[in-house]
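Each chain, letter by letter, is given below.
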Amino acid sequence: MAELAPPARAASSPVPPAPETIHGWGGGPGVRVRRLRPRDGAAVRAAISAARAPGAIARGMGRSYGDAAQLAEGLVIDMSGCTGFELDRDAGAVTAQAGVTVGALLAELVPAGWMVPVVPGTQHVSVGGAIASDIHGKNHRTAGTFGDHVSALGLLTAAGELLELTPDSADGMFAATVGGMGLTGVILWARIRLQRIGSPLLSVDTDRAAGLDDALALLSAPGGSHRVAWLDLIGPRPGRGIVTRAEHLDEAVGAPDRATVSSRVTVPAGWPAGALRPSTVGLFNELRYRRAPRRQRGHVEGLGAHLFPLDALAAWPRLYGRAGLLQYQFAVPAGAEPVLGSVIELLRTRRVPCFLAVLKDLGPAPGSPLSFPLAGWTLALDLPRAAPGIDDALRRCDELVAQAGGRVYLTKDARLAPAAVTAMYPRLAEWRAVRDRLDPDGRWRSDLALRTGLVAETRR
Ligand SMILES: Cc1cc2nc3c(=O)[nH]c(=O)nc-3n(C[C@H](O)[C@H](O)[C@H](O)COP(=O)(O)OP(=O)(O)OC[C@H]3O[C@@H](n4cnc5c(N)ncnc54)[C@H](O)[C@@H]3O)c2cc1C
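Rules behind the numbers
- Residues numbered from 1 in each chain as written.
- Predicted model: local features only at pLDDT ≥ 70, side-chain atom pairs only at ≥ 80, totals over all residues.
- Heavy atoms only, no water.
- Pairing = 2+ DSSP bridges.
- Helix = DSSP H or I, 4+ residues; strand = E, 2+ residues; numbered from the N terminus.
- Contact = heavy atoms within 4.5 Å.
- Axes fitted to C-alpha atoms, helices over the stretch in contact; angles between N-to-C directions.
- Salt bridge = Lys/Arg side-chain N within 4 Å of Asp/Glu carboxyl O.
- Buried < 20%, exposed > 50% of the residue type's maximum accessible area, 1.4 Å probe, protein only.
- Phe/Tyr/Trp six-rings, centres within 6.5 Å; stacked < 30°, edge-to-face > 60°.
- Lys NZ or Arg CZ within 6 Å of the ring centre and 35° of its normal.
- Near = heavy atom within 4 Å.
- Polar contact = N/O pair within 3.5 Å; in protein donor to acceptor, adjacent residues only side chain to side chain.
- Areas by Shrake-Rupley, 256 points an atom, 1.4 Å probe, with all protein chains shown as cover.

## Things to note about the sheet that holds strand 18 (residues 325–333)
Sheet architecture is open: eight strands sit in the order 16-12-14-13-19-20-18-21, paired in antiparallel fashion. Every interior strand has two partners, whereas the edge strands, strand 16 (295–302) and strand 21 (407–408), have only one. In the sheet, strand 13 (residues 226–232) pairs with strand 19 (residues 356–362) via three bridges, with the strands oriented antiparallel. Bridge pairing in strand 19 links Ala229 to Leu359. Contacts from helix 10 (residues 390–403) reach strand 18, strand 20 (376–384) and strand 21 within the one sheet, and its direction differs from that of strand 18 by about 15°.

Following this line, the structure appears as structure tokens:
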């Protein structure tokens, strides 16, 4: 990525742009920031030199749900303009600038027979965001996290130094950057090992699950590597759902399918929050459950349509109205399955409606201190931010999760307290020590970092 290597001397600092309001993917009122959108490494370095008080944070596609990619009254370095990439067919690897999206990579790589080994539930995430959150896919048990496939990355530090970090570096800087939520510096580029695939199609096995235990059993059964359960938590039998297990097909059969999804409908701005209520979602869930086959094997589906179903509906968080949604995604270790049921039951008892629930199995924890996955289960719950009593209910859920040795996913979070983060991320001190070496003046900060105490307010 020679074009991203900044010159020895920084370009002159850009004039700070006018303030604008931005927010996380979950919506809500947002915060005022100044946003710079550099197009190459020199411009990123110039942006960093402009990052005086009260600090700065990198932003990719803004698909983190809460406040990870924003800093109220601060500078946001929006990397979505840095979109170059090169495929090395011989090595089976791609070197990509940080702003390239997973969707852009797949559109080019899949027809050439290559797959990004780990993709999230949306194609609209950047390489920088995927590394900073160390994202996992539906195949975590077999593929690990995104960071497991990064063989090198370029990090621009607060001092303007360009570091090339690799997983085997003993200084811990690579591990602190993977999953480090943008708080070690700006990732400029990354080299990602790819997976060879035979076609853009998946063979999908589907089963209806009668309840949570059934879903857990189906997700534990042998079968495809991309596994996920959609659960209905609104209807009369909470926990019933649909489990799919999908595997790449070796050869293309039938018409070639696209690796990405085009949104066919956009939810209009100003959508009334009241339109999304338990009765309407309950009806939708009932239809969805009944339309799913009881048991189906080997159904052929396009990779994009299967892996990114939500991308068909653009701006879908607007369904939650102006207050937006909170996604509560947590992980608990194998053996702590009852906590999944306890959290579901607690929210139900407190009348906090869950409009979308997704359960996945997770493999072993990655090596990065702030990475989210741990061997066990993860449940992601979409909840209306305006639901009465939601804050108290989720605080109680945090206790249940932490007591079980689990954790809440930082990239989805908008409300965790510092004590909860300390309890859930036992390697926090190790991460902080490396971060403090990389950013002794505490220039990198986000609203998430300040709210949760990842970065102390008093630094700088
Ligand atoms: C519909 C949907 C489905 C999802 N499914 C999954 C899933 O299955 N698994 C999963 O793990 N996640 C999932 N996510 C979450 C998403 O993958 C992460 O939040 C990801 O980080 C978003 O990438 P982004 O480019 O939008 O980053 P942003 O939201 O812009 O930023 C996220 C974090 O990355 C940092 N960052 C971004 N770019 C850089 C950079 N160049 N250098 C340094 N730091 C940077 C930011 O500072 C911030 O801390 C999903 C999100 C949505 C909306």
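Read on for the rest.
## Regarding the pattern of salt bridges
Scanning the entire structure with this criterion turns up 17 salt bridges. The partner of Glu286 in a salt bridge is Arg240, with the nearest N and O atoms 2.8 Å apart. Of this pair, Glu286 sits in helix 7 (residues 278–291) while Arg240 sits in strand 14 (residues 240–248), and the two are 46 residues apart along the sequence. Judged by relative accessible area, Glu286 falls into the partly exposed class, the value being 22%.

## Notes on the packing of aromatic side chains
Evaluated as defined, the whole model comprises five aromatic pairs. Ring centres of Tyr320 and Phe355 lie 6.0 Å apart, and the angle between their planes is 50°; on these two criteria the pair is classed as tilted. You can see Tyr320 sitting in the loop between strand 17 (313–314) and strand 18 and its partner Phe355 sitting in the loop between helix 9 (337–349) and strand 19, a full 35 residues away along the chain. Under the relative-accessibility criterion, Phe355 is labelled buried at 10%. Plain terms: the ring middles of Phe372 and Tyr409 are 4.3 Å apart, the flat faces sit at 15° to each other, and that makes the pair stacked. With Phe372 in the loop between strand 19 and strand 20 and Tyr409 in the loop between strand 21 and helix 11 (418–424), the pair connects residues that are 37 residues apart, well separated along the chain. According to the relative accessible area criterion, Tyr409 is buried, its value standing at 4%. Aromatic ring contacts, followed pair by pair, group Trp25, Tyr65 and Trp316 into a single cluster. The ring of Trp25 carries the charged tip of Arg63 above its face, separated from the ring centre by 4.1 Å. We note Arg288 situated over the ring of Trp230; from NZ or CZ to the ring centre the distance is 4.3 Å.

## Observations regarding the site of the ligand
Near the ligand you find 36 residues, and of these Ala58, Arg63, Ser64, Ser126 and Tyr409 are the closest. In the environment of the ligand, an oxygen atom lies 2.6 Å from a nitrogen or oxygen atom belonging to the side chain of Ser64. The separation between an oxygen atom of the ligand and a polar side-chain atom of Ser133 is 2.8 Å. Contact with the protein chains removes 98% of the 950 Å² of surface that the ligand exposes when unbound. Taken together, the elements giving at least two residues each to the shell around the ligand come down to strand 3 (56–59), helix 3 (127–132) and strand 10 (186–193).

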